[in-house]
Amino acid sequence: MRFSLTLGRLFGTAVRLHVTFLALLAVLGGVAWSQGGAGLGIAAVAFISAVFGCVLLHEFGHILAARRYGVRTPDVILLPIGGVARMERMPETPRQEIVVALAGPAVNVVIAAVLVVAMGGLPSFADTLEPTTGGLAGRLLYANLFIAAFNLVPAFPMDGGRVLRALLTLWQGPARGTLIAARTGQGFAILLALLGLGGGNLLLVLVAAFIFLAAGAENRMATTRAAAAGIRCADAMRTQIARLGRDARLEDAVERRLRSGDQEFAVCDLDGRPCGVLSHGAVLDALKARGPDTPVVDVMATDVATVGVDDDLTEATRLLQSSNRAAVGVVDAAGRLVGLVSRQTLDDLTALERAGGGRPAGRFGLAGPRAPA
């Protein structure tokens, strides 16, 4: 995500901090300082930092539980409204999703239990309201209980909503289950926004907006995955591909761009196997910095995602939805690039299914000639 700082890696996952979180610390710390002096300001910053440390542990509860099922998490980012772990895919079964969803709140319950033991008992909630560094442990205890309880509300995409979606999937199937859970989550978000507006709580309104938008996005992703199931990549790919050879230079990409309007180029070796992707933005940046004679291999992106012609389209969907890629390459048995599956392809597929246009393999109508197997 843009405007984020990488703090390091933990268990193979990059930990990022969005700059708006630093702004939140500065604002709340400054307000507390102005109201009660340096001590109160330091206490406020310490408490917020400790809470977000617990939020990070909450996210790693999800991450480590997902890793148990073979699901990697490239990064997790801390935002003013909480943490977001970007998993490469969702768990495969409802049972796995329930385990992964509950792992986060379970971490907060464990933290609260450890604090109870360390403090020699459960402190009175009223005693934790005094904003001093001495009450930090007590406030942190109740903050963890709140985080666990709030996340267990059955409003998708929060943890409780994911449990609801998993249970509904057993009964209604993944697409219908996600739709019901997403609409439940959006209804909760509207109520939350009304509470925030009524109480003048801007942060609550932002949380509500995040829940509403995230629920809608998850529903669209589930709808696309359901529409793609059972279709071969060869039957949905786009076969008109803008290609450049490994020996091409930036001026070749510019000339091709002017003639055809292509936005991205697949860089292939002599045998037609993809070795990189060159975007129009990368071409412009490199032209300014290095000139038109620069070889494309020096500036292309080498992280090329590919699927086989006979692979199910859901695999291409997974690769697109778990990254910022605009397209995924489709290769034949020899590894030669024969087509692309783009986000536009998936949007067209979903629109056709909603319009009742059918979806069996071979009748999708986007691919043109069938690729060689």
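Just above, that's the structure.
All values reported here derive from a predicted model rather than from experimental measurement.

S.K.: Break down the nonpolar core for me, with residues and values.
M.R.: The biggest cluster of nonpolar side chains holds 23 residues, and the ones touching the most others in it are Phe21, Val51, Phe52, Leu56, Phe60, Val76 and Leu78. At the level of elements, strand S2 (13-18), helix H1 (19-36), helix H2 (38-67), strand S3 (75-79), helix H3 (94-119) and helix H4 (136-151) are the ones that each hand at least two residues to this core. Of all the elements, H2 adds the most residues to this core, at eight residues. Ignoring any residue separated from it by four or fewer positions in sequence, one finds Leu56 in contact with Val15, Val76 and Leu78. Residues Ala234, Val307, Leu313 and Ala316 belong to the second largest nonpolar core, which totals 20 residues.

S.K.: Just give me the short version of the environment of Phe212, but keep the residues and values in it.
M.R.: Its place among the elements puts Phe212 in helix H7 (residues 202-228). For Phe212, a relative accessible area of 33% corresponds to the partly exposed category. When the C-alpha atoms of Phe212 and Gly187 are compared, they prove to be 8.0 Å apart, with 25 residues separating the residues in sequence. Those residues in contact with Phe212 that lie beyond four places of it in its chain are Gln186, Ala189 and Ile190.

S.K.: Describe a nonpolar patch on the surface, and please don't skip the residues or the numbers.
M.R.: On the surface, Ile190, Leu191, Leu194, Leu197, Phe212 and Leu213 cluster together to form a nonpolar patch covering roughly 630 Å² of accessible area. Those elements that provide at least two residues to the nonpolar patch are helix H6 (174-199) and H7. Per-element accounting of the nonpolar patch gives the leading share, four residues, to H6. Here Leu191 is to be found in helix H6. Using a relative accessible area of 54% as the deciding quantity, one classes Leu191 as exposed.

S.K.: Which residues make up the pattern of salt bridges, and what values go with them?
M.R.: All chains considered together, the criterion is met by 14 salt bridges. Across the pair Glu97 and Arg162 runs a salt bridge whose closest N-O atoms are separated by 3.9 Å. Linking Glu97 in helix H3 with Arg162 in helix H5 (residues 159-172), this pair joins segments that are 65 residues apart in sequence. A relative accessible area of 7% places Glu97 in the buried class. On the basis of relative accessible area, Arg162 is assigned to the buried category, the value being 15%.

Reading the values: the criteria
- Residues numbered from 1 in each chain as written.
- Predicted model: local features only at pLDDT ≥ 70, side-chain atom pairs only at ≥ 80, totals over all residues.
- Heavy atoms only, no water.
- Core = buried A, V, L, I, M, F, W, Y, C linked by side-chain atoms within 4.5 Å.
- Buried < 20%, exposed > 50% of the residue type's maximum accessible area, 1.4 Å probe, protein only.
- Helix = DSSP H or I, 4+ residues; strand = E, 2+ residues; numbered from the N terminus.
- Contact = heavy atoms within 4.5 Å.
- Patch = residues over 30% accessible without salt bridge, like charges linked within 9 Å, V, L, I, M, F, W, Y side chains within 5 Å.
- Areas by Shrake-Rupley, 256 points an atom, 1.4 Å probe, with all protein chains shown as cover.
- Salt bridge = Lys/Arg side-chain N within 4 Å of Asp/Glu carboxyl O.

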